[in-house]
Amino acid sequence: MRTLLTLDDAADVPTVQEDIPPEDQLWVAALTTSLFVLAVQRQYPEGASRGEIIRFVAELRAALPAGTSVDARATEEMITSVVDAKRREEIPYEVAAESVMEVLQYLLDPAKIGTDELEAALARAIAFAEEHGLDAHLKVKESYGSQS
């Protein structure tokens, strides 16, 4: 996960469908989901207006490398679903996965937040995933300790 957060968009990044063994896909999805929820809550601890979310997504899109883009509407809806659960909307998996990784890379970039804070965020995400039953088999030793 640390590697995914620090890679540039041109890098050969493993995908859940292609490169991650089926037995590990559930915990990778749980960890990614947990990180996304916690990163958005960290960005907006008091909640956010629709305008604030739209401005954030515009900033994110402007910060992306040339030739890279994310679906603005889907990204806004996913962030809104964390900030306001009543506004959840179904977003296609492929669009959601791309948006989640871009938001995570933007919010949890170790160059911006520091390695210690990234490590703390990963530890909180593991605990969050376990607490919310996102993956009953998620173990700290397997995911956090393996420097994934």
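Bear in mind the structure is a predicted one, so any value in this text is a computation, not a measurement. (Residues numbered from 1 in each chain as written. Predicted model: local features only at pLDDT ≥ 70, side-chain atom pairs only at ≥ 80, totals over all residues. Heavy atoms only, no water.)

**Q** Residues and numbers for the overall build of the protein, please.
**A** Tallying secondary structure elements over the protein gives eight helices and zero strands in all. Helices and strands in the protein line up, N terminus first, as α-α-α-α-α-α-α-α. When the 148 residues of the protein are sorted by exposure, 39% land in the buried category. Of the contacts made within the protein by residues no fewer than 6 positions apart, 67% connect residues no fewer than 24 positions apart. (Helix = DSSP H or I, 4+ residues; strand = E, 2+ residues; numbered from the N terminus. Buried < 20%, exposed > 50% of the residue type's maximum accessible area, 1.4 Å probe, protein only. Contact = heavy atoms within 4.5 Å.)

**Q** Lay out the pattern of salt bridges with the relevant residues and their values.
**A** A full pass over the atoms with the stated rule returns three salt bridges. A salt bridge links Arg50 to Glu76, with the nearest nitrogen and oxygen atoms 4.0 Å apart. Of this pair, Arg50 sits in helix H3 (residues 50-63) while Glu76 is found in helix H4 (residues 72-83), placing the two residues 26 residues apart along the sequence. Of the charged contacts, one joins Glu77 and Arg50 as a salt bridge, the two residues approaching to 2.8 Å between their closest N and O atoms. Taken together, the residues span a long stretch of sequence, with Glu77 in helix H4 and Arg50 in helix H3 at a distance of 27 residues. Owing to a relative accessible area of 29%, Arg50 belongs among the partly exposed residues under this scheme. (Salt bridge = Lys/Arg side-chain N within 4 Å of Asp/Glu carboxyl O.)

**Q** Account for H3, naming residues and giving values.
**A** The terminal C-alpha atoms of H3, which comprises 14 residues, lie 20 Å apart, in line with the 20 Å expected from a rise of 1.5 Å per residue. Ile53, Phe56, Val57 and Leu60 are the residues of H3 that are buried. All buried residues of H3 lie within an arc of 95° about the axis, which places them on one face of the element. Exposed and oriented more than 90 degrees from the buried face of H3 are Arg55 and Ala62. (Expected span 1.5 Å × (residues − 1). Arc of directions from axis to C-beta.)

**Q** Let's hear about the confidence of the model for the protein: which residues, and what values?
**A** A low pLDDT score tells you not to read the predicted coordinates there in detail. Averaged over all residues, the pLDDT of the protein is 76; the fraction at 70 or higher stands at 66%. Within the protein, helix H8 (residues 140-143) has the poorest average pLDDT of any element, 36, and H3 the best, 95. Contacts of residues 136-148 to residues separated by more than four positions or lying in other chains number 25 contacts, the stretch itself having pLDDT below 50. (pLDDT = per-residue confidence, 0-100.)

**Q** Tell me what's going on with the packing of H3 against H4, and back it up with residues and numbers.
**A** Interaxial distance between H3 and H4 falls to 10 Å at its minimum, and their mutual angle equals 130°. One finds that H3 runs oblique with respect to H4. Crossing of H3 over H4 shows right-handed handedness. Contacts between H3 and H4 involve Arg50, Ile53, Ile54, Phe56, Val57, Leu60 and Arg61 from the former and Ala72, Thr75, Glu76, Glu77, Ile79, Thr80 and Val83 from the latter. A per-class count over the contact of H3 with H4 returns eight nonpolar, two polar and four charged. (Axes fitted to C-alpha atoms, helices over the stretch in contact; angles between N-to-C directions. Parallel < 35°, antiparallel > 145°, perpendicular 65-115°, else oblique. Left-handed = near helix turned anticlockwise from the far one by under 90°. Nonpolar A, V, L, I, M, F, W, Y, C, P; charged D, E, K, R; others polar.)

**Q** Break down the packing of aromatic side chains for me, with residues and values.
**A** For the structure on display, the rule yields two aromatic pairs. Here Tyr44 and Phe56 contribute two aromatic rings whose centre-to-centre distance is 6.3 Å and whose plane-to-plane angle is 80°, an arrangement assigned as edge-to-face. Here Tyr44 is found in the loop between helix H2 (22-43) and H3, whereas its partner Phe56 is found in helix H3, with 12 residues between them in sequence. Each member of the pair, Tyr44 as well as Phe56, carries the same accessibility label: buried. When the ring of Phe56 is compared with that of Tyr106, the centres are 5.6 Å apart and the planes differ by 65°; the resulting orientation is edge-to-face. Taken together, the residues Phe56 in helix H3 and Tyr106 in helix H5 (residues 93-107) connect sequence positions 50 residues apart. Here the aromatic cluster, defined as three or more aromatic residues joined through ring pairs, consists of Tyr44, Phe56 and Tyr106. (Phe/Tyr/Trp six-rings, centres within 6.5 Å; stacked < 30°, edge-to-face > 60°.)

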